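Okay, here's what each chain looks like letter by letter:
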Amino acid sequence: MDPDETAARLGVAVEDVDRVRRLAGDLPSAPLPAKADAPAILDRLGVRPDDAAEITAGWPDPDSPLWTPELRWLLDRSVALVRADLGGHGWLPPGPALPRDRGPAWRHLYAYAYLALVDVVRAYHRDHGVADAVSWTTLADLGRNLAIDRRMHGEGWPVMQSWLTLHARGAVYELGRLQHHRGDGAIDLHIPESGPLTPEAVTASLDEARAFFPRHFPEERFTAFACGSWLLDPQLREYLPEDSNIIRFQRRFELEPYEEPEGLDADVEVLRFTFRTLTTPLDRLPRRTALHRAVLDHLTAGRHWQWRRGRFPI
Ligand SMILES: CC(C)(COP(=O)(O)OP(=O)(O)OC[C@H]1O[C@@H](n2cnc3c(N)ncnc32)[C@H](O)[C@@H]1OP(=O)(O)O)[C@@H](O)C(=O)NCCC(=O)NCCS
């Protein structure tokens, strides 16, 4: 394959194609599940009917005209690239962001890669004695993310395609209210959009993790729970009541000193998680909740949100 030509046909930079080639090399890929099994698997992965219909329609059958040789190459090598890091827990883009408006193969290429990795990561989970129910609940973040991306008109996907490789490599486990991410010496907490963040649900999830990790990853040692999020910005206390779930969540953490994170704009992240849009002008956004109003008043006053990291001992 010619990298320049492949990049041009995929509508991406040649460096992106080179990266995939370098990381995936000739390493083994993995096949997709049989198309006949797709509806049941998509259902277990929490994929909503509208997304499932698109994914089924664009299925990479060997004779599908939707799949050009370049797309097939990228799917195959993307699976190999993620698979090669099975058990890893770093942020890992599975490949370049694609022009997704070109059709279902383009739109869902990394969802197909995820589907190919389901069996791979399930075997990894089994090796670690992780229960089936935890496996499926964890992997069903695919459906949640596809649905949010649909609400975001595709704006959410470039981040989600990397985020979901954590699930596909056995790095993230959804235990009750929170997602727990094996990190270096700490369990990183992620908060899915799945209803209120009540203190009771958080405590129960932390307790579950305290039992889960020593049992299933006895060779890894975690001494703290950690989190990096807009939710830990202390400025939120100027706007939200002390008994709100977000402020009560904040109180668990000891904050690290503020450092501007590289490559991350906290204002954009706050818009992502509170309005599920990155591009709507502020004066067209709703003011329905206390947080909506806080975010908008803060930004229109010319102030900025912070992405903060914090931790507390296990
Ligand atoms: C984290 C989350 C569950 C907290 O919601 P919660 O439990 O309702 O939080 P609080 O009790 O502190 O809410 C305080 C106020 O803010 C509102 N609010 C909270 N999160 C909101 C959100 N994401 N969008 C809009 N309004 C929100 C609440 O409705 C409430 O306002 P009200 O009294 O006018 O109804 C919620 O923000 C969420 O689902 N976020 C998306 C996922 C996310 O941000 N993850 C972290 C990524 S780094």
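The structure presented is a predicted model; accordingly, all values stated were derived computationally and were not measured.

What to know about the overall build of the chain
Phase 1 of the analysis: Of the regular secondary structure elements, the chain holds 13 helices and 6 strands.
Phase 2 of the analysis: Dimensions of the chain, computed from C-alpha atoms along their principal axes, come out at roughly 60 × 50 × 35 Å.
Phase 3 of the analysis: Buried residues in the chain amount to 53% of all 314 residues.
Phase 4 of the analysis: Expressed as a percentage of contacts within the chain between residues at least 6 apart in sequence, the contacts between residues at least 24 apart total 70%.
Phase 5 of the analysis: Side chains of the chain give 38 positive and 47 negative charges; the mean places of these two sets differ by 4 Å.

A closer look at the domain arrangement of the chain
Phase 1 of the analysis: The domain architecture assigned to the chain consists of domain 1 (3–170) and domain 2 (172–314).
Phase 2 of the analysis: One C-alpha centre belongs to domain 1, the other to domain 2, and the line joining them spans 26 Å.
Phase 3 of the analysis: On the domain 2 side, the residues contacting the 22 residues of domain 1 number 22 residues.
Phase 4 of the analysis: Regarding the contact of domain 1 and domain 2, the summed buried area is about 2,000 Å², with carbon and sulfur atoms giving 51% of it.

A look at empty space enclosed by the protein
Phase 1 of the analysis: The final tally for this structure, using the stated rule, is 1 cavity of 30 Å³ or more.
Phase 2 of the analysis: The computed volume of the largest cavity comes to approximately 80 Å³.
Phase 3 of the analysis: Residue assignment for the lining of the largest cavity shows that the elements contributing at least two residues are helix 6 (104–127) and helix 9 (157–168).
Phase 4 of the analysis: A total of 5 residues in the lining of the largest cavity trace back to one element, the largest contributor, which is helix 9.

What to know about the site of the ligand
Phase 1 of the analysis: In the vicinity of the ligand lie 20 residues, with Ile191, Leu197, Ile246, Thr289 and Ala290 positioned nearest.
Phase 2 of the analysis: Phe273 has a polar backbone atom sitting 3.0 Å from a nitrogen atom of the ligand.
Phase 3 of the analysis: When the ligand is considered free in solution it has 880 Å² of accessible area, and contact with the protein chains removes 76% of it.
Phase 4 of the analysis: If you list the elements that add at least two residues to the shell around the ligand, you get helix 11 (245–250), helix 12 (266–275) and helix 13 (290–300).
Phase 5 of the analysis: For the shell around the ligand, the element with the most residues is helix 13, which contributes 3 residues.
Phase 6 of the analysis: Split by residue class, the shell around the ligand holds 10 nonpolar, 7 polar and 3 charged.

Criteria and cut-off values
Residues numbered from 1 in each chain as written. Predicted model: local features only at pLDDT ≥ 70, side-chain atom pairs only at ≥ 80, totals over all residues. Heavy atoms only, no water. Helix = DSSP H or I, 4+ residues; strand = E, 2+ residues; numbered from the N terminus. Buried < 20%, exposed > 50% of the residue type's maximum accessible area, 1.4 Å probe, protein only. Contact = heavy atoms within 4.5 Å. Lys, Arg positive; Asp, Glu negative; His and termini not counted. Charge placed at Lys NZ, Arg CZ, Asp CG, Glu CD. Domains from an automatic or database assignment. Buried area = accessible area lost by both parts, 1.4 Å probe. 1 Å grid on protein atoms, 1.4 Å probe; cavity = no way out; pocket = protein on both sides within 12 Å on 5 of 7 lines; lining within 4 Å. Points joined across faces, edges and corners; volume = space filled by probe spheres on them. Near = heavy atom within 4 Å. Polar contact = N/O pair within 3.5 Å; in protein donor to acceptor, adjacent residues only side chain to side chain. Areas by Shrake-Rupley, 256 points an atom, 1.4 Å probe, with all protein chains shown as cover. Nonpolar A, V, L, I, M, F, W, Y, C, P; charged D, E, K, R; others polar.

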